[in-house]
Amino acid sequence: MANTNKLIWLLALTLLVAGTLSGIAWYNNRANTLTEAVVVYPEPRPLSNIALTDAEGQPFTETQLQDHWSLVFVGYTFCPDICPTTLSDLSRIYPELMQLSDKAQVVFVSADPERDTPERLKAYTAHFNSAFIAATAEHDKLMPAVQQLGLIYGVHERGEQDYLVDHSASVSLVNPNGELHASFRPVFDEGSGIPLVDGQLLLQDFERIINHWRG
C-alpha cells in the first residue's frame, strides 16, 4: 500500500502547480520536446542555507549540489514500497544518466533522522548503488531544505516503534548552478498501485533538459 496520504499529495501537487503555472509559456513552446512527466521551472530557484549531514558524517550543503546535475529523492530506509522501487529504478538507469552527463548524481534525503543513522543510510544506498549519496538532518534543518527542493514529508505516530513517514514520490532536478530546475512527477503504477517516477521518461526528459541547457 502506498504510504503517501492525501494531505501530502495535495501539498506536493500545490508545489508542482505553482511551477507549472509560472512556466506555462516555457512549457508550451517546447511541448514537443518534453513529456508530461516533468515540470521545468522557467526561472530556476536558487537553493540556500541547506544544512544536512551525509552518510560519511560530513556537511552536505548547496555547495555539494553545484557543478552537478543532481537527482534528489526524499524518503526513508524503512519505507516499504516507494523508496526501494524508486532507488532500484534510478540505479538501473544510472549508467545511462552518466552517459548523458558525467555530472549526474543521485541524492537520497532521509526524512527519518531518528532511525536513519549515517551507518544505516550508507548501507542502504550502497545496496542500490555505491555511487548514490545519502544525507539527512534534524527536522528543523531538514524540513526547510526539503521544501526548497520542491518536496515534502510528514512523520506520523512518531512515538510508535514502526511508524511510517509520508513523503513525495517526485524526483527533483538541481542544475549545476545549484538551482531547483525541474521536477520529475510520479504516476500510479498499474501493477503495484503506488506512485512511481518512470525511469525511461526521466531519461528522455533529462537528455532534452541538459541539451537545452548546453544551448
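This text goes with the structure placed above it.
Definitions and limits used
Residues numbered from 1 in each chain as written. Predicted model: local features only at pLDDT ≥ 70, side-chain atom pairs only at ≥ 80, totals over all residues. Heavy atoms only, no water. Salt bridge = Lys/Arg side-chain N within 4 Å of Asp/Glu carboxyl O. Helix = DSSP H or I, 4+ residues; strand = E, 2+ residues; numbered from the N terminus. Buried < 20%, exposed > 50% of the residue type's maximum accessible area, 1.4 Å probe, protein only. Phe/Tyr/Trp six-rings, centres within 6.5 Å; stacked < 30°, edge-to-face > 60°. Lys NZ or Arg CZ within 6 Å of the ring centre and 35° of its normal.

Chemist: How do you make sense of the pattern of salt bridges when you look at a structure like this?
Modeler: Close approach of charged atoms allows side chains with opposite charge to pair. Taken as a whole and judged by the stated rule, the model has 4 salt bridges. Between lysine 122 and glutamate 56 there is a salt bridge, with its nearest N and O atoms 3.2 Å apart. With a gap of 66 residues between them, lysine 122 in helix α4 (residues 118–128) and glutamate 56 in the loop between β2 (52–54) and β3 (59–60) connect regions that are remote in the sequence. The salt bridge involving arginine 115 is made with aspartate 112; its shortest N-O contact spans 2.6 Å. Assigned by exposure class, arginine 115 and aspartate 112 land together as buried.

Chemist: Sorry if this is basic, but what is going on with unusual backbone geometry here?
Modeler: Both trends apply: most residues other than glycine have a negative phi, and most peptide bonds are in trans. Phi at asparagine 49 is positive, roughly 55°, even though this residue is not glycine. With a phi close to 65°, aspartate 67 is a non-glycine residue in the positive phi region. Along the chain, aspartate 67 falls in the loop between β3 and β4 (69–75).

Chemist: Just to check I follow, could you spell out the packing of aromatic side chains for this structure?
Modeler: When we look at a pair of aromatic rings, we describe it by the centre distance and by the angle of the planes. Tallied over the entire structure, the rule returns 6 aromatic pairs. Taking the centre distance of 5.2 Å and the plane angle of 80° together, the rings of tryptophan 69 and tryptophan 213 count as edge-to-face. Taken together, the positions of tryptophan 69 in strand β4 and tryptophan 213 in helix α6 (residues 199–214) put the pair 144 residues apart, joining distant regions of the chain. Summarising the aromatic geometry, the rings of tyrosine 94 and phenylalanine 132 are spaced 5.7 Å apart at their centres and angled 75° between planes, so their arrangement reads as edge-to-face. Taken together, the positions of tyrosine 94 in helix α3 (residues 82–100) and phenylalanine 132 in the loop between α4 and β6 (133–136) put the pair 38 residues apart, joining distant regions of the chain. Across this residue pair, the class does not change: tyrosine 94 and phenylalanine 132 are buried. The ring of phenylalanine 78 is capped by arginine 115, whose NZ or CZ atom sits 4.3 Å from the centre of that ring. Above the ring of phenylalanine 78, the side-chain terminus of arginine 120 is found at 3.9 Å from the ring centroid.

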